[in-house]
Amino acid sequence: MAGKNTVRFRGHESFIIREGWLNKGLWEVSQNPKLFFHNYGADDLGVGPNMAKAIRYWMRCSKLLDETKKTQIELSSLGKLLLEKDEYFESLISLWIVHCNIATNTEQATAWEIFFNTFDYEEFTREEMEKELFTLAMRKADGKKFAEKSLQDDCDAILRMYCKKEVAVTNPEEKNVSPFGALGLLKCSNGVYSKVQPDLNRIPPEIVLYLMCGCVGIGNGINIDELLRMEKGPGKVLNLKRTGLVELLEKLEAAGKITMNRTAGLDMVYLKDTLDKKSVIEDCYK
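Residues numbered from 1 in each chain as written. Predicted model: local features only at pLDDT ≥ 70, side-chain atom pairs only at ≥ 80, totals over all residues. Heavy atoms only, no water.

A. Representation of the pattern of salt bridges in the model. The full count for this structure, using the stated rule, is 20 salt bridges. Residue Lys85 pairs with Glu84 through a salt bridge whose shortest N-O separation is 4.0 Å. In this structure Lys85 comes out as partly exposed when scored by relative accessible area, which is 36%. We classify Glu84 as exposed; its relative accessible area is 59%. A salt bridge links Arg242 to Asp267; its shortest N-O distance comes to 2.8 Å. Highlighted residues: Arg242 in helix α13 (residues 242–254) and Asp267 in the loop between β7 (258–261) and β8 (268–271), separated in sequence by 25 residues. (Salt bridge = Lys/Arg side-chain N within 4 Å of Asp/Glu carboxyl O. Buried < 20%, exposed > 50% of the residue type's maximum accessible area, 1.4 Å probe, protein only. Helix = DSSP H or I, 4+ residues; strand = E, 2+ residues; numbered from the N terminus.)

B. Examining unusual backbone geometry more closely. Even without being glycine, Ser14 reaches a positive phi, approximately 70 degrees. Along the chain, Ser14 falls in the segment before α1 (21–31). The class of Ser14 is partly exposed, set by a relative accessible area of 30%. Here Phe89, not a glycine, exhibits a phi torsion of approximately 50 degrees, which is positive.

C. Representation of α13. The terminal C-alpha atoms of α13 lie 18 Å apart, and with 13 residues this matches the ideal 18 Å at 1.5 Å per residue to within 8%. Turning to α13, its buried residues number three or more, namely Gly244, Leu245, Val246, Leu248, Leu249 and Leu252. Where α13 is buried, its residues contact α10 (205–213), α11 (224–229), α12 (234–237), β7 and β8. A positive backbone phi angle near 75 degrees is found at Gly256, which sits one or two residues after α13. (Expected span 1.5 Å × (residues − 1). Contact = heavy atoms within 4.5 Å.)

D. Fine view of the sheet that holds strand β5 (residues 192–195). Reading across the sheet, the 3 strands line up as β3-β5-β4 and stay open at both edges, with antiparallel pairing between neighbours. With partners counted over all chains shown, the strands left at the sheet margins are β3 (123–124) and β4 (186–189), one partner each. Across 2 bridges, β3 lies against β5 in antiparallel orientation. What sits directly across from Glu123, in β5, is Ser194. (Pairing = 2+ DSSP bridges.)

E. The sheet that holds strand β6 (residues 222–223), seen in detail. On the basis of which strands lie adjacent, the open sheet formed by 3 strands has the order β6-β8-β7 and antiparallel pairing. Strands at the two margins of the open sheet, each flanked by one partner only, are β6 and β7. Relative to β8, β7 is paired through 4 bridges, and the arrangement is antiparallel. Within the sheet, the bridge partner assigned to Thr259 lies in β8 and is Tyr270. Contacting β7 and β8, α13 crosses the sheet at an angle of about 120 degrees to β7. (Axes fitted to C-alpha atoms, helices over the stretch in contact; angles between N-to-C directions.)

F. Quick peek at the pairing of β5. Pairing between β4 and β5: 4 bridges, direction antiparallel. Note that in β5 the partner of Leu186 across the bridge is Lys195. Where β4 folds back on β5, the antiparallel hairpin that results is connected by 2 residues, among which Asn190 adopts a positive phi of roughly 55 degrees.

G. View of the side chain of Lys195. Along the polypeptide, Lys195 turns up in strand β5. Of the buried charged residues, Lys195 lacks a salt bridge, with Asp120 as the closest side chain of opposite charge at 5.9 Å. At a separation of 2.5 Å, a polar atom in the side chain of Lys195 contacts the main-chain carbonyl oxygen of Phe115. A distance of 2.8 Å separates a polar atom in the side chain of Lys195 from the backbone oxygen of Phe119. Sequence-distant contacts of Lys195, defined by excluding residues within four places in its chain, comprise Phe115, Phe116, Phe119, Tyr121, Glu122, Phe124, Leu185, Leu186 and Asn239. (Lys, Arg positive; Asp, Glu negative; His and termini not counted. Polar contact = N/O pair within 3.5 Å; in protein donor to acceptor, adjacent residues only side chain to side chain.)

Below is the structure:
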């Protein structure tokens, strides 16, 4: 049986990430480490208590918080870096970094991790998504009970978070449109959703590198097809086709950030020994 808190559903209080939430959260936490201890931070954040809980949840999912101390909550090293480099979250780079962290966070954003890594439908209806994600979530939970309604709420949140058109059509007055729709990962047409490869010109190649830094066992090189198929790798998390992944890898090679060996059908990619996520992120903003 899985250990405690190995999966989590509906931690967002039914609120997707709204425009301005993350940068507001970063700033307020940087000023007040006890922010979330008083009325969940609602007063300082200027939102209701449930929204404040959601902001904390999304910051945690995004790995922007350091909650190791019982008496205060600080920004993580990533949170501090994003606050320094992109205080108002105006860059797509920041959204891509946060997306990658959420889509690989099994413990806090289980449905997101499943959707991007093991849900293999390229086209699907909401009902198909809910049914298949429930099956996959049952396996991931490994005996830990959860409410099917919670999983359905997560499916709804994923679609609202990444598919702008669906939100705009259903409620044009709604102000909770997520900035993550700008990433171009999902489309909707007549009730049918599609996972799509984003515009490659809108993906900084360093984001591929960022995900590669989190992959286990690639120190001695990794095959391009494995990068495409592996869970929590760039192919899955970024909805990349093989040609798209290769194009981004070639840009990284041209910049001297990786080495590729494509002779005799090897198609291998090698990282530099000194590479780490912090340096990758800093390079993104140069």
